[in-house]
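Each chain, letter by letter, is given below.
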Amino acid sequence: MKHSIQIILAFVFSCALHAQVPQHIDVDKRGDFTRIIPISISGFTGEADSVLKFDLSVLGLEATSADKADYLISGSQNASLEGRLQPTGSNSAAGNGFAPRVYSGGNTRSQAHAFADDIVKAIRGTPPIFHTKIAFCRKEGPNMELCVSDFDGQGVVQMTHDGTLVATPAWSPGGRHLFYTSWKSGYTQIFEHDTATGKRSVFAAYGGGNFNPSISPDGKKVAMILSKGGSPNLYVCDSDGSNLKQLTFERDEASSPTWSPDSQTICYVVHSGRASLRKISVSGGKPQLLPAGIGGNLTSPDWSPDGRMIIFTSGSGNFTLWITPAAGGEAEQLVAGEDPCWAPNSRTVIFTRQVNHNPVLSLLDVPTKHVKDVGQLSGSCSQPAWAR
Amino acid sequence: MKTLNLISVLFVGAALTLGLAGCKHGPVTTTPIPGANQPTPPPPPPSSRDNGLPPGAMEPTAPPVVVSTNGQIPFDTTGSNPWAGPLKDGVEDKTTLKADTVYFDFDSSTIKKTEDKKLEDVATYLKGHMADALRVEGNCDERGTEKYNLSLGERRALAVREYLANLGVDSRQVTTVSYGKAKPAVEGHNEAAWSKNRRDDFVLLVPKTP
């Protein structure tokens, strides 16, 4: 308990520093969110070793030699996995190591993921993500099919076999239902797909285009783009498809809805001359421009689950990811890429990166700007959606 | 330095919350893994994949709407698929109006003067073939995200639908679909390819002759 109190005091102190003199960053190691932290991993082989290295790298914890590491990660694996975390040198005062823990059940992969989740929680203070799923579109000849896999690209399951196009997958909260745009009918319709049973249904098939669904974090509403009124505009309805309401009345077009965590506000894109970000209440009213302080086309926003940030894509061709406070403010450039989607930890982002004009899914640790490709996936994969 | 500050401030509050919660950890020695050995359920067998999907999407239920607002022309039914109606057993004709493919400037859905003649041809054809329907397929070059290009491609198709209506074509004859950037006409990563990909293609839906 003594250690716990020290940690609390250290955090309160570091937060006070940030709040009062943010221009002088002088915080303890645990509060150093924007630094890539060197770690050393020993005692593991094969799959356990590779899973640990990949997972920790995604959070900006990079394996190096023991003498350069801020943390020593050690253990062993048999039927179960045993692992411990030890801070080194001056860092040991942080007190965030832990004595050997045993991870049993499941398989080596899931044991290593669970150990990595504990390490990340201890060092970065963020919640677990290593057992979460992603959905994405994979090019199959001239067509696209919808796929689901673990966050690291393992265990890919192809969800559609329609031999047509599919786009803009979005998860219901909790990650059971997938909503997406399908061209199966020859026109765009929004499908709802229960990943547990495989059953799916047409969610929206109004006259004109039906695409880009986004489910509210409370699960009660679905935002989407419909052109039934003559232009692509933002609509919202209940999760059973009823109570359809038009929210925007653009002459040109709206796109890319994303929800605030309290399910009260939708951020989206308006194209009128150029593309900019707007926010509007779920009950309608006057849209507000989200000032980002930069020019160019701003598209594909995603609101962080903790509500603090909106990440989006800027550019026309040479895309870059940017982040801005959800309340508006000066945007900051991150890395090259497009179509970002937050992980449930509000720190990691999955996005699409062009490699020789071929889309590749990649993971970004936002504070350190560290990028790690989801290397296990083959083919052209795009439009990632993280279950959260 | 500015970047560091913004990100630090944004993240630090969340970390405080989580850090406090994390302090409850005692010396746990065994961590059973919930959900382990539960792979993603496999997709259903082919016979049941289409469960819940009606064969002809939604049938038209509402009466025709002819209201135009600010130049926009609403769709007159709740059904997006004209194949469900009289054209259910029709055939696609992608060749008759192939030469009339309309091209757009970058990031624009404005019909250019150079395209007027093509659209007059299309309008004349449709007025002479009232039983046919036209599917306008909006497409974009690769320089926009998929979500953005879905809307832009739809807007391009709608722009042609409005233009044809102004030339006297019954808008109920014209449907739209956007492919975003998924169906480029020309592969390539330069203006020569992009200019060919920013387009509306025309597909006629022709009733099957008895």
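Computed from a predicted model, the values in this text were never measured in an experiment. (Residues numbered from 1 in each chain as written. Chains lettered and ligands numbered in written order. Predicted model: local features only at pLDDT ≥ 70, side-chain atom pairs only at ≥ 80, totals over all residues.)

## A look at helix α2 (residues 116-128) of chain B
Residue and element names in this part refer to chain B.
Reasoning step 1: Taking 1.5 Å of rise per residue, 13 residues should cover 18 Å, and α2 covers 19 Å from first to last C-alpha, within 8% of that figure.
Reasoning step 2: Buried within α2 we find Leu119, Val122 and Leu126. Considered in projection along α2, the buried side chains sweep an arc of 55° and stay on one side of the axis. Residues of α2 that are exposed and angled more than 90 degrees away from the buried face: Lys117 and Gly128. (Helix = DSSP H or I, 4+ residues; strand = E, 2+ residues; numbered from the N terminus. Expected span 1.5 Å × (residues − 1). Buried ≥ 20, exposed ≤ 12 C-beta atoms within 10 Å, placed from the backbone. Arc of directions from axis to C-beta.)

## Section: the sheet that holds strand β15 (residues 233-238) of chain A
Residue and element names in this part refer to chain A.
Reasoning step 1: One open sheet holds the four strands; their spatial order is β13-β14-β15-β16, and the pairing between them is antiparallel. Sheet topology places β13 (210-215) and β16 (245-246) at the edges, where each strand pairs with a single neighbour.
Reasoning step 2: Of the pairings in the sheet, the one linking β13 to strand β14 (residues 221-226) comprises four bridges and is antiparallel in character. From the neighbouring strand, Ile215 faces β14, where its bridge partner is Val222. (Pairing = 2+ DSSP bridges.)

## As for the domain arrangement of chain A
All names here are of chain A.
Reasoning step 1: Here chain A is described as being made up of domain 1 (2-123) and domain 2 (133-386).
Reasoning step 2: On a C-alpha basis, the centres of domain 1 and domain 2 stand 32 Å from each other.
Reasoning step 3: On the side of domain 2, eight residues touch domain 1, which itself brings nine residues to the contact.
Reasoning step 4: Here the residues of the side of domain 1 that touches domain 2 are counted per class, giving five nonpolar, three polar and one charged. (Domains from an automatic or database assignment. Contact = placed C-beta atoms within 7 Å. Nonpolar A, V, L, I, M, F, W, Y, C, P; charged D, E, K, R; others polar.)

## Examining unusual backbone geometry
Residues and elements named next belong to chain A.
Reasoning step 1: Of note, Thr168 is a non-glycine position whose phi angle comes to about 50°, a positive value.
Reasoning step 2: Relative to the elements of secondary structure, Thr168 occurs in strand β9 (residues 166-171).
Reasoning step 3: The class for Thr168 is buried, based on 27 C-beta atoms found within 10 Å.
Reasoning step 4: A positive phi is found at Ser346, a non-glycine position, where the angle reads about 55°.

## Observations concerning the pairing of strand β3 (residues 71-77) of chain A
Residues and elements named next belong to chain A.
Reasoning step 1: Covered by surrounding structure in β3 are Tyr71, Ile73, Gly75 and Gln77 only, the residues Leu72, Ser74 and Ser76 on the alternate face being uncovered.
Reasoning step 2: Looking at chain direction, strand β1 (residues 37-42) and β3 are connected through four bridges and run parallel. Bridging from a neighbouring strand, Ile39 pairs with Tyr71 of β3.
Reasoning step 3: For β3 and strand β4 (residues 81-87), the ladder comprises seven bridges, and the chain directions are antiparallel. Bridged to Ser76 within β4 is Glu82.
Reasoning step 4: Taking the residues that link successive antiparallel strands as the turn, the β3-β4 hairpin has three residues.

## A short note on the environment of Arg274(A)
All names here are of chain A.
Reasoning step 1: Position of Arg274 relative to the elements: it lies in strand β19 (residues 274-281).
Reasoning step 2: On the basis of neighbour counts, which here come to 12 C-beta atoms within 10 Å, the residue Arg274 falls in the exposed class.
Reasoning step 3: Measuring from C-alpha to C-alpha, the distance between Arg274 and Leu298 comes to 8.2 Å, with 24 residues separating the pair along the chain.

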